Structure formats: C-alpha cells, structure tokens
Amino acid sequence: MDTSTTRTFFPSKERINTREHYLKIKKHLAAKSGIIYHRGGTTHTRDDTDVELDFRQESNFSYLSSVEAAGFHIFMVLEEDTIYLVRPDRPKAEQLWKGIPDPDADLMEKYNVDHILLDTQLKDFLKDLEPQVIFALDFTDMDYDNYIPIEYESRVDRSRLKSAIHEARLTKFPWEITLLRYAAHISSHAHMSLMSYCGEKYRQKQEINEAELEAKFRWICGKNGLSRQCYIPIIASGPRAAVLHYTDNDKSIPNHQHALVLVDAGGEYRCYGSDVTRTFPASTKFSDEAKTIYNIVLKAQNAVLSRLKPGVFWKDMHDLVVRILCHELVKIGLLIGDETELLQLGVYRAFYFHGTGHSVGLDCHDVGGKEISILDNTRKGSSLLLLQKPLDENMVITVEPGLYFNDVSIDLWTKDSTYKPYFNMDKINQYRVVGGVRIEDTVLITHDGIENFTVVPKEVHDIEALMQQ
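Residues numbered from 1 in each chain as written. Predicted model: local features only at pLDDT ≥ 70, side-chain atom pairs only at ≥ 80, totals over all residues. Heavy atoms only, no water.

- Within an unreviewed UniProt entry, the label attached to the protein reads Ubiquitin-conjugating enzyme subunit, and the organism entered is Mucor velutinosus.
- A UniProt comment under Cofactor (unreviewed entry) is attached to the protein, and it reads "Mn(2+)". (UniProt positions renumbered as here; feature names shortened; annotations may be inferred.)

Below you can see the structure in the form of structure tokens.
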C-alpha cells in the first residue's frame, strides 16, 4: 500500500452547523435574554515588519461561527434565536491586495446565519438593539471605541459564557466526529508513510534528518486537505525521544540498533484536529531493550482502550496505567522494592511524568467544562485527570502512555538520597539508550466502548513489517 497517496472518505460536503452549536451553548448558559458576543481573530505581522504571520482562527470563535477567516465578529440574540455574522468592511484599496469579499448571501448560506452586518455598522446596530446583558469571554477584545458602545460596559457578563462553551465543546455532534475522524485517518497515513520512508532510507544506507520527516508529514497531510498542523510536529530521534515537547526537528537520526524515532504529529481539518504518536526503530528492527520498553507501554495503552466506555472515570484509567508501568519496571529490574510503596512514593514518575490523555477537538488539548481546565480562570486544555465527571458518549480523547529515559528526570530522582535505593542504575544505564517511547491514539467514546480513529500499526511485528517491506 502506498500510504503517501491513500485517501479515506473526504468529507468535502459535510456542512458545519453553527446553529447546533449555538443552541447547545444556550442550554448550558441557562439564559433566555441578552446576546452572546465574540470577536474572532485578527491578522498580525512579524515584529516590526509588514510580513503577515500565519493566521489560524481562535477556536471558540470557530465553534460559534465556523468562520476560518480573520476580522469577523458574531452575536446571537437569545430572545429570538437569531444569529448575526459581522464581516469586515474591506475598502477597495484593501480588496486590491486581498481580493473581493464573498457576497452576503453566500456567507449566510455557508455559515447558516440569519443576517450579515458590516463591522462599521455594529456599534449603531447594538445601540438600536439595546441588549440588557452581553455574554462575552473574559479574553475577548471588546474594543469599545470601534465596535461596542462604551455605555454598555456595565452590561458585559464575562463569567458565564466560557463555562457554557467549554461544556458544549466536550462532546461532539456527528458532523464534528466526521471531521475529527478524517483528520486522524489522514494523519495516520502520514505516520505510516514516515515508517516506510525511514525503512527505505535505512536499506539504502542514506542519512535522514528529522526535518525531512517533518516536511514529508506536512506534505502528505496537505495533499489530502489538512493544510494546517494541529500543533508543531515532534520528530524526536535517539535521546531526544525522551523530551516531551521536542520541536527543534533538526538533528540527524542515529543509525545504531537501539535508536528509536518518536513522531508526535497530527493535522487538522476545518480547525478540527488530531493527535497521534508512534515510536519506531530507526534500523527497521527493535533491539531487545527497545522492544521490552515498547511492549510495556503498549500493554498499558491496550489495558485502557479495552476498558473505555461511558461512565468510566479517567483517574481510574490513569491509575491503571501507572500500576502497569510500575509493575513492569519492577519486573525488568529498573525499580527495586514493594510495588505499593513505589506507587505511594511516586518513583515511577522518573520515567512517566505526564498525564495519560486529554480531550481533542478544535484544539489539540481541547477544553471541556470548567473542571477540565488547568485553573478555573484559564481557557487552556489540560489532562483529563482534572475532569471530575465520567466519560460520556461522543467525547473524543487521546490515550497516550509512555516511558522515557530523560537524563534530567533520572538525575533528579536518583541523586535524592530518599529515593536512590529504589533505582537500579545498572539496569537504567542498560535501557537508557532506548531514549523514549510514547504510543498515542485518538478515540471516540461510543455508547458501549470506543471507535479508534487512529489506524497506524502499533504491534512490534507490524511496524517492522511495514518498515521492511
């Protein structure tokens, strides 16, 4: 199979339904009057130049409007369930450089809204509308001078909309699931292509740079409609595979028998993303040490995948991963002592120092209700460990255990006299050459289990076969 040209179902006609999102948010907002207002992202230039930075729509605005272009606003009138899309009033001089805007009728049809306004009309329109309350996000640029009447500042409620949107984004509609599935499928084929490519280059005794693999991954995604990456790809080889967010991607891939390549990368489609990680041998065949560590991580991931369904608490899944990793590390001699004591002390964190998964959607680390955020006053996504309610049908999440021989982490733990007796340094040095292993799938919670969107092989013999074909 030529994974560089394989296509799955291309959802080009899948219509994004803005109104479904609005009604879902309104339900969580529990308000019958007022307006929801949000301003989308704007373009920026690099430092003190006229070079535009790559624009990507702010995710909450994408959820509210589905508009991927810059300069738009949106507001919804709760009493009437009416949606107004506000487009930039682009002067002729700007049209010369940027092109002619789409006709209003086309925008209404495309985004399923009731009315189109120009941003230059917004202030006067709101004065005529006289909303008693404006529900906005706490990081929204209200820009009172240009768009919002200054006398309405006291009517702005920045406390309720964020929780409503985050709660709404946690579970997905069928059309959102279609987009997420497509993003994961194409990203999966890109991962398979990198495995095949590395195998071919190894047989030809040609050196590969991490940057070359990143470029190939982006190209395969782009030619299949995923023009943007959900996050900066991580192409980490050798010891760099133990660095969680390594994004330099500029080193030559080692050719020794223990060397692994960890690729954590996923494209996005219409702002809906994917998050996939695979680890494979640079030499096309896992060494004994690499195979041992890899199979421990795979065992932990499979244990979680087999148990996922609505009603499961994510903390229980993370604890399951930790128990398996700790047990296996004792079994191969890296950790010494009673497993219950090792778990209580947390010494496994020398090799596993991140969460086991997170929600996926319009952001890689997606939002999902106030309990899922790092802090109550932040919009950033976080580990599902902070989700205080059980998993629900139509959630899309990752499962991503790992083991890492990170020099900084190992030194911090083994040089502490309290913890040093629990580590077998001879064994650690034996396995240190492996670098790191992470295996990550993006999955949908269904009514009785999961649908795994990630279709990249992950059994040792399958990976080796793909690389050696």
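### Side note on the overall build of the protein
- When helices and strands are tallied, the protein shows 14 helices and 16 strands.
- Against the 2.2 N^0.38 benchmark of 23 Å for 469 residues, the protein shows a C-alpha radius of gyration of 25 Å, consistent with a compact globule.
- Overall, the protein is about 75 × 50 × 45 Å in size when its C-alpha atoms are taken along their principal axes.
- Put simply, the protein has 469 residues, and 57% of those count as buried.
- In the protein, the proportion of contacts linking residues at least 24 apart, taken out of those at least 6 apart, comes to 73%.
- On the protein, roughly 20400 Å² of surface is accessible, and the fraction owed to carbon and sulfur atoms is 49%.
- Counting 55 positive and 69 negative side-chain charges, the protein places the centres of these two groups 3 Å from one another. (Helix = DSSP H or I, 4+ residues; strand = E, 2+ residues; numbered from the N terminus. Rg over C-alpha atoms; globule rule 2.2 N^0.38 Å. Buried < 20%, exposed > 50% of the residue type's maximum accessible area, 1.4 Å probe, protein only. Contact = heavy atoms within 4.5 Å. Areas by Shrake-Rupley, 256 points an atom, 1.4 Å probe, with all protein chains shown as cover. Lys, Arg positive; Asp, Glu negative; His and termini not counted. Charge placed at Lys NZ, Arg CZ, Asp CG, Glu CD.)

### Quick notes on the sheet that holds strand β15 (residues 441-445)
- Across the sheet, which stays open at both edges, the three strands sit in the order β12-β15-β16 with antiparallel pairing between neighbours. Each of the sheet's edge strands pairs with one partner strand only, and the pair in question is β12 (396-399) and β16 (450-452). When strand polarity is set aside, the average angle formed by the axes of neighbouring strands in this sheet is 35 degrees.
- For β12 and β15, the ladder comprises four bridges, and the chain directions are antiparallel. Across the sheet, residue Val396 finds its bridge partner in β15, namely Leu444. (Pairing = 2+ DSSP bridges. Axes fitted to C-alpha atoms, helices over the stretch in contact; angles between N-to-C directions.)

### Quick notes on helix α14 (residues 460-468)
- Turning to α14, its buried residues are Val460, Ile463, Glu464, Leu466 and Met467. Take α14 and look down its axis: the buried residues cluster within an arc of 160 degrees, on one side only.
- Packed against the buried residues of α14 are α7 (174-203), β11 (276-281) and α9 (288-305). (Arc of directions from axis to C-beta.)

### Notes on the sheet that holds strand β8 (residues 234-237)
- An order of β8-β9-β11 is seen for the three strands of this open sheet, with the pairing classed as antiparallel. Each of the sheet's edge strands pairs with one partner strand only, and the pair in question is β8 and β11. Averaged over all adjacent pairs, the angle separating strand axes in this sheet is 10 degrees, with direction ignored.
- Inspection of the sheet shows β8 paired to strand β9 (residues 260-265) by four bridges, in the antiparallel sense. Its bridge partner being in β9, Ala236 is matched across the sheet by Leu262.

### Re the packing of aromatic side chains
- Tallied over the full model, the rule gives eleven aromatic pairs.
- An angle of 55 degrees between the planes, with centres 5.0 Å apart, marks the rings of Tyr84 and Phe125 as tilted. A residue pair is termed long-range when its members are at least 10 positions apart, and Tyr84 in strand β3 (residues 82-87) and Phe125 in helix α5 (residues 122-129) qualify at 41 residues.
- Taking relative accessible area as the criterion, Tyr84 reaches 10% and is therefore assigned buried.
- By relative accessible area, Phe125 is classed as partly exposed at 23%.
- Taken together, a centroid distance of 5.0 Å and an interplanar angle of 50 degrees make the contact between Phe286 and Tyr294 tilted. Neither Phe286 nor Tyr294 differs from the other in exposure class; each is buried.
- Among the aromatic side chains, those forming a connected cluster through ring pairs are Phe351, Phe405, Phe423 and Tyr431.
- Its end group placed over the ring of Phe173, Lys24 keeps NZ or CZ at 4.9 Å from the ring centre.
- Geometry around Trp219 places Lys223 over its ring, the cationic atom sitting 5.3 Å from the centre. (Phe/Tyr/Trp six-rings, centres within 6.5 Å; stacked < 30°, edge-to-face > 60°. Lys NZ or Arg CZ within 6 Å of the ring centre and 35° of its normal.)

### Re the pairing of β15
- In terms of burial, β15 is largely enclosed, as five of its five residues are buried.
- Residues Asp441, Val443 and Ile445 point to one face of β15 and Thr442 and Leu444 to the other, with burial holding for every one of them.
- Connecting β15 to the antiparallel partner β16 that follows it, the hairpin turn spans four residues.

### Things to note about the pairing of β9
- Of all six residues in β9, six are buried; the element is thus mostly enclosed.
- Burial of the side chains of β9 extends over both faces: Leu260, Leu262 and Asp264 are buried on one face and Val261, Val263 and Ala265 on the other.
- Taken together, the six bridges between β9 and β11 define a ladder with antiparallel strand orientation. Bridge assignment links Asp264 to a residue of β11, and that residue is Thr277.

### Details of the environment of Ala215
- Relative to the helices and strands, Ala215 is located in helix α8 (residues 210-223).
- Judged by its relative accessible area of 46%, Ala215 falls in the partly exposed class.
- Counting along the chain gives 57 residues from Ala215 to Arg158, while the straight-line C-alpha distance between them is 41 Å.

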